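One letter stands for each residue in the lines below.
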Amino acid sequence: MAKPQINPSILSADFARLADETAKVANADWLHVDVMDNHFVPNLTLGLPVVESILKASDTPVDAHLMIADPDRWAPAYAEAGAGSVTFHVEAAAAPVRLARSIRAAGARASMALKPATPIEPYEDLLPELDMILVMTVEPGFGGQKFLDIMLPKIRRTRELIGKHGLDMWLQVDGGVSAETIERCAEAGADVFVAGSAVYDGRDPGAAVDKLRALAAQSLSAAPWACAH
């Protein structure tokens, strides 16, 4: 059976105390780091130097989500720096297969993200080149947005394509994931969950991670796709 992974997004953390904030979620599977460049998305967050500092400050592997223009140029450097997973947006990539291979060659898991309006079907042939697909469940660029329920069918279709090709591949969701939405995401086909405000807005981020993992595990235990997986 598939096991859920919870990736707290430090976009919702206190940037002035990142070392302490990452320590609060030491029970997480990954630290999700949103890199935004104010070009691909209308927001500016952090870049490679901060990611390198996080890697030094935490033993939890880093899941770098690059919401940037020209990922073909910049993404491999995040893998070379030590990020365990590097996600690029297919909408911004000039040569996604070559980029995925470069990320893998640098020692990281290669992941491709899709905006809400981007269908998965045109990229079916690319799936074997990837270790994870990220289905955005909000428009990328800002934290704290409301979950888009209309993305659930897309999550299902993505999981079906993964199963069709017999791939050992993760399916991540990012945007509005909370105790109220994570079970629906898991039932639809997700097994990796990014959560920002649902983790960091409370008094005990570590307890929030455990709660989300338990809810996802309960849903996965009853999901036909997960039992077959």
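Residues numbered from 1 in each chain as written. Predicted model: local features only at pLDDT ≥ 70, side-chain atom pairs only at ≥ 80, totals over all residues. Heavy atoms only, no water.

Here helix α3 (residues 71–81) crosses helix α4 (residues 96–105) at 15°, and the two axes come no closer than 8 Å. In terms of axis orientation, α3 runs roughly parallel to α4. Read as a crossing pair, α3 and α4 show a hand that is right-handed. Residues P71, D72, A75, P76 and A79 of α3 touch α4, and the partners they reach there are L99, S102 and I103. (Axes fitted to C-alpha atoms, helices over the stretch in contact; angles between N-to-C directions. Helix = DSSP H or I, 4+ residues; strand = E, 2+ residues; numbered from the N terminus. Parallel < 35°, antiparallel > 145°, perpendicular 65-115°, else oblique. Left-handed = near helix turned anticlockwise from the far one by under 90°. Contact = heavy atoms within 4.5 Å.)

In this section: the side chain of S85. Position of S85 relative to the elements: it lies in strand β4 (residues 85–89). Exposure remark for S85: the relative accessible area of 2% places this residue in the buried category. (Buried < 20%, exposed > 50% of the residue type's maximum accessible area, 1.4 Å probe, protein only.)

Our focus in this paragraph is the packing of aromatic side chains. Tallied over the full model, the rule gives 1 aromatic pair. Between W30 and W170, the aromatic rings sit 6.0 Å apart at their centres with planes inclined by 75°, giving edge-to-face as the arrangement. Within this pair, whereas W30 is found in the loop between α1 (18–23) and β2 (31–36), its partner W170 is found in strand β7 (residues 170–174), the two being separated by 140 residues in sequence. The class for W30 is buried, based on a relative accessible area of 9%. Positioned above the aromatic ring of W170, the side-chain terminus of R109 is 3.5 Å from the ring centre. Above the ring of F40, the side-chain terminus of K115 is found at 4.6 Å from the ring centroid. (Phe/Tyr/Trp six-rings, centres within 6.5 Å; stacked < 30°, edge-to-face > 60°. Lys NZ or Arg CZ within 6 Å of the ring centre and 35° of its normal.)

Bringing helix α8 (residues 205–222) into the picture now. With 18 residues, α8 should cover 26 Å at 1.5 Å per step; its first-to-last C-alpha distance of 27 Å lies within 8% of that length. By the burial criterion, the buried members of α8 are P205, G206, A208, V209, L212, L215, A216, S219 and L220. (Expected span 1.5 Å × (residues − 1).)

Once that is clear, we can look at the pairing of β4. Among the 5 residues in β4, 5 count as buried, and that is most of the element. Side chains S85, T87 and H89 project from β4 onto one buried face, and the interleaved V86 and F88 project onto a second face that is buried too. Looking at chain direction, strand β3 (residues 62–67) and β4 are connected through 4 bridges and run parallel. Looking at the pairing, H65 lines up with T87 of β4. (Pairing = 2+ DSSP bridges.)

Within this structure's numbering, the places UniProt gives as "binding site: a divalent metal cation" (unreviewed entry) are H32, D34, H65 and D174. Spatial clustering of the annotated residues is evident: they stretch over 143 residues in sequence, but the largest pairwise C-alpha distance comes to 10.6 Å. For the largest pocket, the lining residues among the annotations just cited are D34, H65 and D174. Taking relative accessible area as the criterion, H32 reaches 0% and is therefore assigned buried. The residues contacting H32, other than those within four sequence positions of it, are N7, P8, S9, I10, D63, H65, Q172, D174 and V194. Under the relative-accessibility criterion, D34 is labelled buried at 5%. With near-sequence residues (within four places) excluded, D34 lies in contact with S9, L11, T45, L46, H65, M67 and D174. (UniProt positions renumbered as here; feature names shortened; annotations may be inferred. 1 Å grid on protein atoms, 1.4 Å probe; cavity = no way out; pocket = protein on both sides within 12 Å on 5 of 7 lines; lining within 4 Å.)

Turning our eyes to something else, we now look at the UniProt feature "active site" (unreviewed entry) in the protein. Following the UniProt record, one finds the feature "active site" (unreviewed entry) at D34 and D174. In terms of the greatest pairwise C-alpha distance, the residues named above, spread along 141 residues, form a tight cluster of at most 10.6 Å across. Here the residues from the annotation list that line the largest pocket are D34 and D174. Note on placement: D34 falls in strand β2. Within the local environment of D34, its side chain forms a polar contact with the side chain of H32, the two groups lying 3.1 Å apart. Mapped onto the secondary structure, D174 falls in strand β7. D174 gets classed as buried once you look at its relative accessible area, which sits at 10%. (Polar contact = N/O pair within 3.5 Å; in protein donor to acceptor, adjacent residues only side chain to side chain.)

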